[in-house]
Amino acid sequence: MKLALLVIDMQNSFELQAAAGKIVPRVVKVIQACHDKHIPVFFSQHHDPDRNSVLNKFWNNPIDRGTHQWQLIPDVEKSMDHEKDVIIEKCRNDAFHQTRLKEQLLDKKVDTVAIVGCLTNLCCENTARAAHDNDFNVLFLKDGNAASKKEYHKASIMNLEYGFGKVPTCQEFIDML
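Residues numbered from 1 in each chain as written. Predicted model: local features only at pLDDT ≥ 70, side-chain atom pairs only at ≥ 80, totals over all residues. Heavy atoms only, no water.

1. What about the overall build of the protein?
Helix and strand counts for the protein stand at 8 helices and 5 strands. When the helices and strands of the protein are placed in sequence order, the string is β-α-α-β-α-α-β-α-β-α-β-α-α. Viewed in the frame of its principal axes, the protein has a C-alpha envelope of about 40 × 35 × 30 Å. Here the protein holds 177 residues, and 50% of them are scored as buried. When the accessible surface of the protein is totalled, it reaches about 9300 Å², and 50% of it is carbon and sulfur. Charge centroids of the protein, computed over 22 positive and 24 negative side chains, lie 2 Å from each other. (Helix = DSSP H or I, 4+ residues; strand = E, 2+ residues; numbered from the N terminus. Buried < 20%, exposed > 50% of the residue type's maximum accessible area, 1.4 Å probe, protein only. Areas by Shrake-Rupley, 256 points an atom, 1.4 Å probe, with all protein chains shown as cover. Lys, Arg positive; Asp, Glu negative; His and termini not counted. Charge placed at Lys NZ, Arg CZ, Asp CG, Glu CD.)

What follows is the structure, given as structure tokens:
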């Protein structure tokens, strides 16, 4: 198994959900464990340049590149290795959509992705499904993702576990490294 960690949209725009799910310390611990084991880490940052997109019209709450809302949550930002980690800028819920993520993972011979971030039922789940559709094994860290409601989180975990990947805890993931 050749692994990479995908840290999805751990941005200030989603800080309330991350705090409510109490995921930031666990995500930072996972990032540090991956760094210690020389596992590649990819961070996605969402922004909405197309004000006419269906996504933007649906939410009507755009994230503009370079703003405070776009920046990573400070503790997550501090955990980055700015020389080795990769930032993927995305404009859709799926971190693979119109980005170079797949090519970058394949360049590193990755066959399995572990996913943490915000929001469980939107960008994280969509990215997990896209990873699966792109022939990557998926580890979706169930206590390393957060949603705006517990029900949304639980539903995503159940769906992903049924047909798209494994759903270990952050500690179980760290223990398997």
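Text resumes after the structure shown.
2. Quick look at the nonpolar core
By size, the foremost hydrophobic cluster in this structure holds 33 residues, and its most contacted members are Leu 5, Val 7, Met 10, Val 76 and Phe 173. For this core, the leading source of residues is helix H2 (residues 24-36), giving 7 residues. Leaving out residues up to four positions away in the same chain, Phe 173 has contacts with Leu 3, Val 30, Cys 34, Ala 114, Leu 139, Leu 141 and Pro 168. (Core = buried A, V, L, I, M, F, W, Y, C linked by side-chain atoms within 4.5 Å. Contact = heavy atoms within 4.5 Å.)

3. Quick look at the pairing of strand S4 (residues 112-118)
Here S4 lies mainly inside the structure; 7 of its 7 residues are buried. Summarising the sheet, strand S1 (residues 3-8) and S4 pair through 6 bridges and their orientation is parallel. If you follow Ile 8 over to S4, its bridge partner there is Gly 117. Note: S4 against strand S5 (residues 137-146), 6 bridges, orientation parallel. (Pairing = 2+ DSSP bridges.)

4. Some points on H2
Here H2 is 13 residues long and its end C-alpha atoms lie 18 Å apart, about the 18 Å a rise of 1.5 Å per residue gives. Looking at the residues trailing H2, positive phi occurs at His 38, about 60 degrees. (Expected span 1.5 Å × (residues − 1).)

5. What to know about the packing of aromatic side chains
Scanning the entire structure with this criterion turns up 2 aromatic pairs. An angle of 80 degrees between the planes, with centres 5.1 Å apart, marks the rings of Phe 58 and Trp 59 as edge-to-face. (Phe/Tyr/Trp six-rings, centres within 6.5 Å; stacked < 30°, edge-to-face > 60°.)

6. Brief notes about the side chain of Asp 9
You can see Asp 9 is positioned in the loop between S1 and helix H1 (15-20). For Asp 9, a relative accessible area of 0% translates into the label buried. Of the polar contacts made by the side chain of Asp 9, one reaches the side chain of Lys 90; its length is 2.9 Å. Asp 9 has contacts with Phe 14, Ser 44, Gln 45, His 46, Lys 90, Cys 118 and Cys 123, leaving out every residue within four places of it along the chain. (Polar contact = N/O pair within 3.5 Å; in protein donor to acceptor, adjacent residues only side chain to side chain.)

7. Considerations on the packing of helix H6 (residues 120-133) against helix H7 (residues 150-163)
Between H6 and H7, the least distance of the axes is 10 Å, while the angle of their chain directions is 10 degrees. By the angle class used here, H6 and H7 are roughly parallel. Counted together, Thr 120, Asn 121, Glu 125, Ala 128, Arg 129 and His 132 of H6 and Tyr 152, His 153, Ser 156, Asn 159, Leu 160 and Gly 163 of H7 form the full contact between these two elements. Among the residues forming the contact of H6 with H7, the class breakdown is 3 nonpolar, 7 polar and 2 charged. (Axes fitted to C-alpha atoms, helices over the stretch in contact; angles between N-to-C directions. Parallel < 35°, antiparallel > 145°, perpendicular 65-115°, else oblique. Nonpolar A, V, L, I, M, F, W, Y, C, P; charged D, E, K, R; others polar.)

8. Describing unusual backbone geometry
In the segment running from Cys 118 into Leu 119, the intervening peptide bond is cis, with an omega of -10 degrees. On the secondary structure map, Leu 119 appears in the loop between S4 and H6. Of note in the backbone geometry, Lys 109 takes a positive phi value of approximately 60 degrees without being a glycine. Here Asp 135, not a glycine, exhibits a phi torsion of approximately 70 degrees, which is positive. Inspection of the secondary structure puts Asp 135 in the loop between H6 and S5.

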